[in-house]
Amino acid sequence: MGNRLLRRRARVFCFLGVLAAGVAATGLAAGGGVAAQGGVPRYGYRVVNSYPHDSRAFTQGLIVRDGYFYESTGQHGQSTIRKVRIATGEVVQQRQLEPKYFGEGLTDWGSQLVQLTWKNNVGFVYDLASFRPVKTFAFAGEGWGLTRSRTHLIMSDGQPSGQLRFLDPASLAEVRRITVRDQGRPVDRLNELEFVRGEVFANVWYTDEICRIDPATGRVTGWIDLSGLLPAAQRAGSDAVLNGIAYDAAADRLFVTGKYWPRVFEIALERRR
């Protein structure tokens, strides 16, 4: 999202966050995008390791594939897809998008990479090895996060309706939607996505929380609180928010980072309640 709009929305969401906290303190229901009080499990984290990350990267999508990170970055004139060494943060391969495109979510499918754009209503498919463009596809509304299950691509659009769209990986056409609900309430601002052990993990934009989602029903199965992972003093302004989840299924490793963050963190989850 553009910097001016980001800052405007940030002020709104900060106000809503204060309002929601006050409402929750009185025992009333919190609004969308805020973890509901009740029986949904909550998790903290333990840092297992951390790795260098390009602090100029406006991270929009992050995956692990064949021992490397593949990353999508945003901002007009700065949007890229890139291949990154995990241990060093070195960008070993990169493709720049045209300035009119604002890069968003990224995932892989077979020998290809699939990338969304924000407001251009178009996605790109690239050859994984060469980053050569293979084709484009159209979708309605905004593109935010992207991941995949064994059978579908799954995308978010960040809207208040709290929906995830499921795409056919061959045609890239939408085949169904689910509404993500936390104890009956839609969860909005679902951003970067990752498929982790049969669940969808979703950053909730402008928070330090990750929502765990049952992809069959949309039911929220848990919340992950990453407060303090990168202290505010180490963040490069209000745009430097949590956004980036990657899961290495072969080694069972979970990575998280953010926009303009100088580190990628490997974390282990710890149940709090």
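Everything that follows concerns the structure shown earlier in this document.
Residues numbered from 1 in each chain as written. Predicted model: local features only at pLDDT ≥ 70, side-chain atom pairs only at ≥ 80, totals over all residues. Heavy atoms only, no water.

Some points on the sheet that holds strand β1 (residues 42–52)
The strand order across the open sheet built from eight strands is β16-β17-β18-β19-β1-β22-β21-β20, with neighbouring strands paired in mixed fashion. Looking at strand neighbours, the two that pair on one side only are β16 (190–196) and β20 (242–248), the edges of this open sheet. For this sheet, the mean inter-axis angle between neighbouring strands, taken without regard to orientation, is 35°. The pairing of strand β18 (residues 209–213) with strand β19 (residues 220–225) spans five bridges and is classified as antiparallel. Each residue of the ladder has a partner; that of R212, found in β19, is G222. (Pairing = 2+ DSSP bridges. Helix = DSSP H or I, 4+ residues; strand = E, 2+ residues; numbered from the N terminus. Axes fitted to C-alpha atoms, helices over the stretch in contact; angles between N-to-C directions.)

Details of the pattern of salt bridges
For the structure on display, the rule yields 17 salt bridges. We note a salt bridge from D54 to R56, for which the minimum N-O separation is 3.1 Å. Looking at R56, the relative accessible area reads 66%, which means it is exposed. Overlapping salt bridges, with partners in common, bring together R65, D66, D108 and R148 in one network. (Salt bridge = Lys/Arg side-chain N within 4 Å of Asp/Glu carboxyl O. Buried < 20%, exposed > 50% of the residue type's maximum accessible area, 1.4 Å probe, protein only.)

Looking at unusual backbone geometry
Residues other than glycine seldom take positive phi values, yet D66 does so here, at roughly 55°. Looking at D66, the relative accessible area reads 59%, which means it is exposed. Positive phi is not limited to glycine here, since R197 has a value of about 50°. Counting through the fold element by element, R197 comes out in the loop between β16 and β17 (199–204). Classification of R197 by relative accessible area gives exposed; the value is 55%.

Notes on the environment of Q163
You can see Q163 is positioned in strand β12 (residues 163–167). The residues touching Q163, leaving out its near neighbours within four places in the chain, are M155, S156, D157, R177, I178 and T179. Polar side-chain contacts of Q163 include one of 2.9 Å to the side chain of R177. (Contact = heavy atoms within 4.5 Å. Polar contact = N/O pair within 3.5 Å; in protein donor to acceptor, adjacent residues only side chain to side chain.)

Examining the packing of aromatic side chains
What the rule picks out here adds up to 12 aromatic pairs. Relative to Y126, the ring of F124 lies with its centre 6.1 Å away and its plane at 35°, an arrangement referred to as tilted. Residue classification places Y126 among the buried positions, given a relative accessible area of 4%. Plain terms: the ring middles of W261 and F265 are 6.2 Å apart, the flat faces sit at 85° to each other, and that makes the pair edge-to-face. Each member of the pair, W261 as well as F265, carries the same accessibility label: buried. An aromatic cluster is built from F58, F102, W118 and Y260, whose rings are joined through pairwise contacts. Sitting over the ring of Y68, K83 keeps its end group 4.3 Å from the ring centre. One cation-aromatic arrangement involves R212 over Y43; the distance from NZ or CZ to the ring centre is 4.6 Å. (Phe/Tyr/Trp six-rings, centres within 6.5 Å; stacked < 30°, edge-to-face > 60°. Lys NZ or Arg CZ within 6 Å of the ring centre and 35° of its normal.)

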